[in-house]
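Okay, here's what each chain looks like letter by letter:
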Amino acid sequence: MSGILAGKRILVTGVVTDASIAFHVARIAQEEGAEVLLTGFGRLSLIERFAGKLPGPAPVIELDVTDQDHLDTLAERIGAHTDSLDGVVHSIAYGPQGAFSFLDGTWADVSTAVHVSAYSLKSLTTACLPLLQRRGGSVVGLTFDATVAWPHYDWMGVAKAALESTSRYLARDLGGHGIRCNLVAAGPLRSMAAKSIPGFPELADVWTTGRAPAGWDLTDPEPAARGVVALLSDFFPRTTGEIVHVDGGVHMTGA
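Residues numbered from 1 in each chain as written. Predicted model: local features only at pLDDT ≥ 70, side-chain atom pairs only at ≥ 80, totals over all residues. Heavy atoms only, no water.

Now for the overall build of the protein. A count of helices and strands for the protein gives eight helices and seven strands. Whereas a compact globule of 255 residues would reach a radius of gyration of roughly 18 Å, the protein reaches 17 Å, a difference of no more than 12%. Considering only C-alpha atoms, the protein reaches an extent of 45 × 40 × 40 Å along its principal axes. Considering only residue pairs separated by 6 or more positions, the protein has 76% of its internal contacts joining residues 24 or more positions apart. Averaging the locations of the 19 positively and 27 negatively charged side chains of the protein gives two centres separated by 4 Å. (Helix = DSSP H or I, 4+ residues; strand = E, 2+ residues; numbered from the N terminus. Rg over C-alpha atoms; globule rule 2.2 N^0.38 Å. Contact = heavy atoms within 4.5 Å. Lys, Arg positive; Asp, Glu negative; His and termini not counted. Charge placed at Lys NZ, Arg CZ, Asp CG, Glu CD.)

In structure tokens:
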């Protein structure tokens, strides 16, 4: 199979259902010629079932990004399947319910959101660094535009701002190793993650009431997934520390 990822080996995190952006990244990456590995947290058998829906085989490796033992052994466990990586996809975010109330959120809520949603980009990347350094490559994460204050998003918005800053510092420090680090800022999707956001319909209304010049489908993760795959490819060889918006254009419109 040939395509823009022909011969590349890509690790994709965050596949929780076959409707997630991460699942469609894995699918499109395989269609574009990549060998794909997945990570899973929790019910691995369920993730393996979703992996079975991909065009080709994709091993599932257990990973809790808050577990240092998992991170310390990740490169070795990936090494059972491949001796190098060309790309890593970070599609990991979580915030307790308290993180969705800015004035009431506790430090326990906030620290969990920042650890899982932002610091994990650094910890995942450095865990994979021994494999990425062999051929260079691309790290791509998913964010939700943190330049403004969205309805109900609250401390998760702060966590995404930390994620975006983390990506820039990784881009700075890893460029000399031939590793690029970029983010895709996707519009909202009716996903499992969305169900945990109180007031998600109000947030989504920004996209469904004409603010997206190019249009936006709350049920279609493919545009965001294609953006991730493009950044994994060699078509952006000197692009790093960037945030590519795949949101129908909402980020550039006025109120």
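Still more ground to cover, so stick around.
On to the pattern of salt bridges, then. Overall, the coordinates contain eight salt bridges when judged by the stated rule. Residue Arg 135 is joined to Asp 86 by a salt bridge in which the shortest nitrogen-to-oxygen separation is 2.5 Å. Placement of Arg 135 in the loop between helix H5 (107-132) and strand E5 (137-143) and of Asp 86 in the loop between helix H4 (74-78) and strand E4 (87-90) is noted, with a sequence separation of 49 residues between them. Between Glu 222 and Arg 226 there is a salt bridge whose closest N-O contact spans 2.9 Å. Here the residue Glu 222 and the residue Arg 226 both occupy positions in helix H8 (residues 222-232), the gap between them amounting to four residues, near one helical turn. Since its relative accessible area comes to 22%, Glu 222 is described here as partly exposed. For Arg 226, a relative accessible area of 47% corresponds to the partly exposed category. When salt bridges that share partners are traced, they join Arg 27, Glu 31, Glu 222 and Arg 226 into one network. (Salt bridge = Lys/Arg side-chain N within 4 Å of Asp/Glu carboxyl O. Buried < 20%, exposed > 50% of the residue type's maximum accessible area, 1.4 Å probe, protein only.)

Glancing now at empty space enclosed by the protein. Enumeration according to the criterion identifies one cavity of 30 Å³ or more in this entry. Along the walls of the largest cavity sit Phe 144, Asp 145, Trp 150, Ala 185, Ala 186, Trp 207, Asp 247 and His 251, which together make up its complete lining. (1 Å grid on protein atoms, 1.4 Å probe; cavity = no way out; pocket = protein on both sides within 12 Å on 5 of 7 lines; lining within 4 Å. Points joined across faces, edges and corners; volume = space filled by probe spheres on them.)

The next point concerns the nonpolar core. Counting 52 residues, the largest nonpolar core has Val 12, Val 25 and Leu 38 as its most contacted members. The element contributing the most residues to this core is helix H1 (residues 21-31), with seven residues. Formed by 31 residues, the second largest nonpolar core is a distinct cluster that contains Leu 11, Ile 61, Leu 124 and Leu 129. (Core = buried A, V, L, I, M, F, W, Y, C linked by side-chain atoms within 4.5 Å.)

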